[in-house]
Amino acid sequence: MMRIFLITALLSFVFEIHGQTSISGVVKDRTTNETLPGAAVTYAEGKGAITDIDGIYKLELAPGSYTLTVSYVGMETITLDIVVGEKAIIQDFEMNSIMMTEVNVVADVAVGRRTPVAFTDISSIKIKEELGTRDIPLILNSTPGVYATQSGGGDGDARINIRGFNQNNVAVMIDGIPMNDMENGWVYWSNWFGLDNVTSKMQVQRGLGASKLAVPAVGGNINILTMGMEDKFSVKINSEIGNNNNFRQGIGINSGQLKGGWGVTAAFSYKTNDGWVNHLGSKQLFYYLKIQKQFEKHGFTASIMGSPQEHEQRLARKSLAFYDLDYALKQGVDTTGYAAAGVITDMGLRFNSEWGYLKRDRDNPDAPISIESARTNYYHKPIANFKHFWTPNHRWAISNILYASFGNGGGTRLSNTSSTADGLTNFQYIYDKNTKVIPASPPTSFFPSYPYDLNYVDDTSQYKAWSYLQSSINNHVWYGLLSTFKFKINEEFELSGGFDGRYYKTNRYQVVYDLLGADYVTVERKFQDQNIASEAGEANVVRRLNDRINYDITSYVKQSGLFFLLEYSKPRYTAFINATGSYHQYNRVDHFALRDSTTGAEKESGWKNYYGATIKGGFKYNLTDHDNIYANAGYLSRAQNMANTFSSTTLNVFNDLKNEAITSAEIGYTHSSKIFKPAINAYYTIWENRPNTGSKKDGTETVFYNIPGMKAIHKGVELDAEYNPIKQLSFEGVVSVGDWRWASKNKAYIYNEIGNMVLDSVEFDAKGVRVGDAAQFQTSFSVRYSPIKGLYVKPRITYFDNNYSQFDPESLKGDYAGRQSWKMPAYYMLDIGAGYTHNIKKKYTLGIRLNVMNALDAVFITDAQNNDVGNDFNAASAGVYYGQGLRWNVGINLGFN
């Protein structure tokens, strides 16, 4: 009897299993698109499944009707009625945070099946596995349409382009707060060292993007989202070592949500580095503190972060042959006559000419010999913000963000220079000439013997500097208010909008930083001397250490605007229309200009007023549960920024400026499944009245040009894909093909560093010339393999081509009108990452990570200026930056969760 019972029970169990249907899917955070491991998916009390480390769940249910409940700490619970048949069901869930609406309301994050724009998410895991010792933009080279380089090689000197638009035209935000400079739109990445330690996610939106700010970007948006109490509790201690004495230590703490709705996130890092390039060292510190408090309907966040730093720079571009003679010969450079003319060649890719040796007390044989840098950047730009979020009910969400930034620092350079035969800066010759110990000719070795065999000048009078270190200072204060609301009209329509207001004041001036043995310097400048009653015209004016020289200006920028976004959403499709309006005010005071003879008031430009507006829209249609198509288009009338409105550091205003006019359209297709995630899109952008700035050599001096308005056409196709055949193996691939060209004749204004015009305006013709500064063909491929739990290896190869040097406006005249700039050779990089994390008991982890950048030590050029050292539109005439060779970094981290 017992045997019959057991057989019957076993058969019933088999039949029950056979009659069950599989239900599976992924649970994600709707805002960040991150998977949620540990989420509960239940169909009855105590029955269900828990998502694994990848956020995946799986249920086996008999046919019938069920109510699935999805729950996760800090997220709104989801319930879904589902009918189970005989076919397997794939059901994904996207959860909303119930703690903070900070990201939802402010950060303009695109969501996969809802937002009709091209975007790429970069998770904190990817940042940790691939970034290594590089600046944050360098990890984005595996994103379609992105080109990032380290420029001259200094820590923090990275730059980034998206679709051929440089970072002046890319909106960079941290938790939705704009970071671009208010005068020129530039982003100084040296101010944000250590940010990767607190980054929860980065998102790159290409093209017009989903930003609701009153002044949207053209190239795209980069939004960096930091950790908060919506993340889990963790403590992480890390220590890193890399090539060229690269040391970094840090600690990060995230409390998660504490009792009473409190949360604290804090981080601290410190880094020193000698630099892969000779004497391109840096010292950088990073601090971050965020305090959060969540009530039932209100949330408050206060945070402060900053990165005081000092790093040496290599800003001067040199010829190909200067660094690598063999590489120059392969590119067709004719070096005949170089040796006879004393042209320096083959100094090596690590060579840096902007440093040298100096012995200040030359009569003392025991006096120290110092290493001096001609180019050092030092800056501290802390930013603090206070945020309030209010969700009075399920239809309304209101936020107010008040932020402030206070920047102080500058960068040094020599007023005149002298070089040794070895190509270094001859600080000793400068010092000796300043102190009247003048050799017949500059010494030719790295460090000459002492004392010089010279006639000393026994003169107690003060010495006038022939050359000295001057520092260009930029001290600013910056306040902003970003107020935003969201109102859910009904199940289909949602209206959002707000106010974006900013105030910026900067005092820019140059000072005498180091007289290098002299007692004073004389400068020529029209200014009002405060020590005398009458006006002083152009004259030799004595200036001493820390005195202001050359220029002293205070600039003011006021910017305000309104933005509105109406979204329509149905299960199968979404659409939006976005409109903005902005008001810009600029004023500048010249503290060196002649004062008003009657009132004594300082001379100023007076407020200049400009307006801007935007209209853009888009839609996304979900063809299936995995496939969708989208399109967006827009028109921007954008006010020129202040740097393009004024000529250099003067009060001169380009009164005939027109607004930048940008028309852009994009279409795309994406597929998203557990195994395969491809996306393809095409874009077309016409930019009229586009500003353009740059620099080039003019003899021994570097000059700068300002072109108030050009026309450019940018079009291209982008493809990226992710393939995950099994849990342990994943592939990523990117292909981007662009065609970016200038399409106008224009006029360029050329100035020296202190704002004096070098030439009258130069007419040039750039029609058909390729837009430089970024590769127009890009492909990247990576494999990530994890043979056992906690162990991974991830090689990535990236290839760039169709990378043109930036044009020189003075060259594009007469017979050379429209002539193409020199195209840099195509190049590739192989980067390898590997690591292992071991769980110690349940709450402790110990991890080790290795990154090798440019593992094959490839030689390539990343940046070039056409006709910088010649006039032949070829490799011999270009001034270049080479990319850095093989570098490595090893990190050890201890975690507590």
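Notes on the structure in this doc start here. (Residues numbered from 1 in each chain as written. Predicted model: local features only at pLDDT ≥ 70, side-chain atom pairs only at ≥ 80, totals over all residues. Heavy atoms only, no water.)

**Quick notes on helix H6 (residues 427–434)**
Here is step 1 of the chain: H6 sits mainly inside the fold: seven of its eight residues count as buried.
Here is step 2 of the chain: Among all positions in H6, only Phe-427, Gln-428, Tyr-429, Ile-430, Tyr-431, Asp-432 and Asn-434 are buried.
Here is step 3 of the chain: Those residues of H6 hidden inside the fold are in contact with strand E23 (355–358), strand E24 (370–373) and strand E27 (396–414). (Buried < 20%, exposed > 50% of the residue type's maximum accessible area, 1.4 Å probe, protein only. Helix = DSSP H or I, 4+ residues; strand = E, 2+ residues; numbered from the N terminus. Contact = heavy atoms within 4.5 Å.)

**Looking at the sheet that holds strand E11 (residues 159–162)**
Here is step 1 of the chain: Taken together, the three strands give an open sheet; going across it, the order is E10-E11-E12, and neighbouring strands pair in antiparallel fashion. Where the open sheet ends on each side, the last strands, each with one partner, are strand E10 (146–149) and strand E12 (165–166).
Here is step 2 of the chain: Across two bridges, E11 lies against E12 in antiparallel orientation. In the sheet register, Ile-162 faces E12, and the bridge partner there is Phe-165. (Pairing = 2+ DSSP bridges.)

**Overview of the packing of aromatic side chains**
Here is step 1 of the chain: Per the stated rule, a full pass over the model turns up 37 aromatic pairs.
Here is step 2 of the chain: Note on Phe-300 and Phe-386: the rings are 6.1 Å apart at their centroids and 35° apart in plane angle, and the pair reads as tilted. Linking Phe-300 in strand E21 (residues 298–306) with Phe-386 in strand E26 (residues 383–390), this pair joins segments that are 86 residues apart in sequence.
Here is step 3 of the chain: Members of the aromatic cluster, joined through ring pairs, are Phe-322, Tyr-323, Tyr-327, Phe-351 and Tyr-882.
Here is step 4 of the chain: Arg-163 extends its terminal NZ or CZ atom over the ring of Tyr-683, reaching a point 4.1 Å from the ring centre.
Here is step 5 of the chain: A cation over an aromatic ring shows up here: Lys-318 above the ring of Phe-322, its NZ or CZ 5.2 Å from the ring centre. (Phe/Tyr/Trp six-rings, centres within 6.5 Å; stacked < 30°, edge-to-face > 60°. Lys NZ or Arg CZ within 6 Å of the ring centre and 35° of its normal.)

**Some points on the nonpolar core**
Here is step 1 of the chain: Of all hydrophobic cores here, the largest spans 48 residues; its most connected members are Leu-140, Trp-189, Leu-195, Met-202, Ile-222, Phe-286 and Met-305.
Here is step 2 of the chain: If sequence neighbours within four positions are ignored, Trp-189 has contacts with Ile-136, Pro-137, Gly-156, Ala-158, Ile-160, Gln-167, Val-172 and Ile-224.
Here is step 3 of the chain: In this structure, Trp-740, Ile-750, Leu-812 and Phe-860 belong to the second largest nonpolar core, which totals 26 residues. (Core = buried A, V, L, I, M, F, W, Y, C linked by side-chain atoms within 4.5 Å.)

**With respect to the pairing of E10**
Here is step 1 of the chain: The two faces of E10 match: Val-146 and Ala-148 on one face and Tyr-147 and Thr-149 on the other face are all buried.
Here is step 2 of the chain: Two strands pair when backbone bridges link them, and E10 and E11 are joined in this way by four bridges, in the antiparallel orientation. The partner of Ala-148 across the bridge, within E11, is Ile-160.

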